Amino acid sequence: MSQIGFIGLGNMGNPMARNLLKSGHELHVFDISKKACNDLESKGAAVHPGVTEVTQKSNYVITMLPNNNIVEATYKEILFQGLKKDTTFIDCSTISPKLVKSLLKRISSQGGRFLDAPVSGGVPGAQEASLTFMVGGAEEDFKAVTGILECMGQRIVHCGAQGMGQAAKLCNNMMLAISMIGTSEAMNLAVSQGLDAKIFAGILNSSTGRCWASEFYNPVPGISASTLVNKVPISLINKDLDLALDAAKASNSHIPMGELTHKIYSSLIAQNLGHRDFSDIYQLMQQNKFTF
Ligand code: NAD
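This write-up is about the structure you can find in this document. (Residues numbered from 1 in each chain as written. Predicted model: local features only at pLDDT ≥ 70, side-chain atom pairs only at ≥ 80, totals over all residues. Heavy atoms only, no water.)

A look at the side chain of His-262
Turning to step 1, where the next piece is worked out: Along the polypeptide, His-262 turns up in helix α12 (residues 256-270).
Turning to step 2, where the next piece is worked out: For His-262, a relative accessible area of 15% translates into the label buried.
Turning to step 3, where the next piece is worked out: Residues within four places of His-262 in sequence aside, it is in contact with Asn-238, Leu-241, Asp-242 and Leu-245. (Helix = DSSP H or I, 4+ residues; strand = E, 2+ residues; numbered from the N terminus. Buried < 20%, exposed > 50% of the residue type's maximum accessible area, 1.4 Å probe, protein only. Contact = heavy atoms within 4.5 Å.)

With respect to the packing of aromatic side chains
Turning to step 1, where the next piece is worked out: Under the definition given, this model contains 4 aromatic pairs.
Turning to step 2, where the next piece is worked out: Judged by centre distance (5.6 Å) and plane angle (70°), the ring pair of Tyr-75 and Phe-89 falls under edge-to-face. Separated by 14 residues along the polypeptide, Tyr-75 in helix α4 (residues 68-80) and Phe-89 in strand β5 (residues 88-91) bring together distant segments of the chain.
Turning to step 3, where the next piece is worked out: Overall, Tyr-75 belongs to the buried group, its relative accessible area being 0%.
Turning to step 4, where the next piece is worked out: Taken together, a centroid distance of 5.7 Å and an interplanar angle of 80° make the contact between Tyr-75 and Phe-114 edge-to-face. On the criterion of sequence distance, the pair formed by Tyr-75 in helix α4 and Phe-114 in strand β6 (residues 113-116) is long-range, its members being 39 residues apart. Considered together, Tyr-75 and Phe-114 belong to a single accessibility category, that of buried residues.
Turning to step 5, where the next piece is worked out: Grouping aromatic residues by their ring pairs yields a cluster made of Tyr-75, Phe-89 and Phe-114. (Phe/Tyr/Trp six-rings, centres within 6.5 Å; stacked < 30°, edge-to-face > 60°.)

Looking at the site of the ligand
Turning to step 1, where the next piece is worked out: Contacts to the ligand come from 21 residues, most closely from Asn-11, Met-12, Asp-31, Leu-65 and Lys-239.
Turning to step 2, where the next piece is worked out: One nitrogen or oxygen atom from the main chain of Asn-11 is found 2.9 Å from an oxygen atom belonging to the ligand.
Turning to step 3, where the next piece is worked out: At 2.6 Å, a side-chain N or O of Asp-31 approaches an oxygen atom of the ligand.
Turning to step 4, where the next piece is worked out: Here the ligand has 830 Å² of accessible area as a free molecule, and 82% of this is covered by the chains.
Turning to step 5, where the next piece is worked out: For the shell around the ligand, the secondary structure elements donating two or more residues are α4 and α11 (234-250).
Turning to step 6, where the next piece is worked out: In terms of residue class, the shell around the ligand is built from 11 nonpolar, 7 polar and 3 charged.
Turning to step 7, where the next piece is worked out: Both domains that meet at the shell around the ligand, namely domain 1 (3-161) and domain 2 (167-286), each give it at least three residues. (Near = heavy atom within 4 Å. Polar contact = N/O pair within 3.5 Å; in protein donor to acceptor, adjacent residues only side chain to side chain. Areas by Shrake-Rupley, 256 points an atom, 1.4 Å probe, with all protein chains shown as cover. Nonpolar A, V, L, I, M, F, W, Y, C, P; charged D, E, K, R; others polar. Domains from an automatic or database assignment.)

Take a look at the structure:
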């Protein structure tokens, strides 16, 4: 079994790390939250005082951190001490493809390997080890890490070179954000005309308007079983839209719906609603509290 480092033990990292322990791997962990470290220690992980110590003990290091700035600062600290040759880093955070390429350059120059492996499936997917991993990296590195990722996920997809995992993740999440607003609009218009929400959702989900947001995360409370348990804060989905906008600029692509969706969610954040679930947009439409 491998010596695996895990940095970032939050909503996603905690259950992912637990699943690695359940599969029999030795785990070396660090998080700036002592509580997060204590929880993993009680499950059998070795807690270290910082990211450098985690890296020294591990052949593979997984990072699952909030954003570009924190990921960049963490790798800067790791690289400052110098790497053991052939250490493989797998970043599962959602960050920009541009940062992935820059990290690849810095890590390779010290003899390390690097893959981006953002995930889809949310906290329930992390808990049930059913995540989808979108992996960017060299073919041989992908083959070497597949077994580790399989302890945490069900679909491990090689998307291409480094940065392609993030490219796939950002496009998927942009589509999700757009379709949530579209679903909310359609449900609101149906209900406002007097249609029963359940009847209309049944029609939608067996017709051409069907999508993941309408079927599994319907914004009308009580329609999809998952609505109450899965939470995706508006601030989190808008972070991914920020990254999609940057990627569109860098690749000279037009994303008018992505831009509009970003504008809508940004206006909700400006109204101090960033903590609300991204499907709550339906309720705001229903209450006529929706302006942007
Ligand atoms: P989170 O905020 O719950 O967890 C982040 C963890 O990182 C926290 O425990 C925090 O203490 C720790 N941390 C912050 N700075 C640190 C540092 N300098 N060194 C070590 N630890 C540090 O976030 P999350 O929901 O687990 O998301 C993690 C990543 O996964 C993000 O990039 C997010 O976009 C992505 N993601 C989240 C979800 C989701 O549903 N929550 C789904 C898919 C992808």
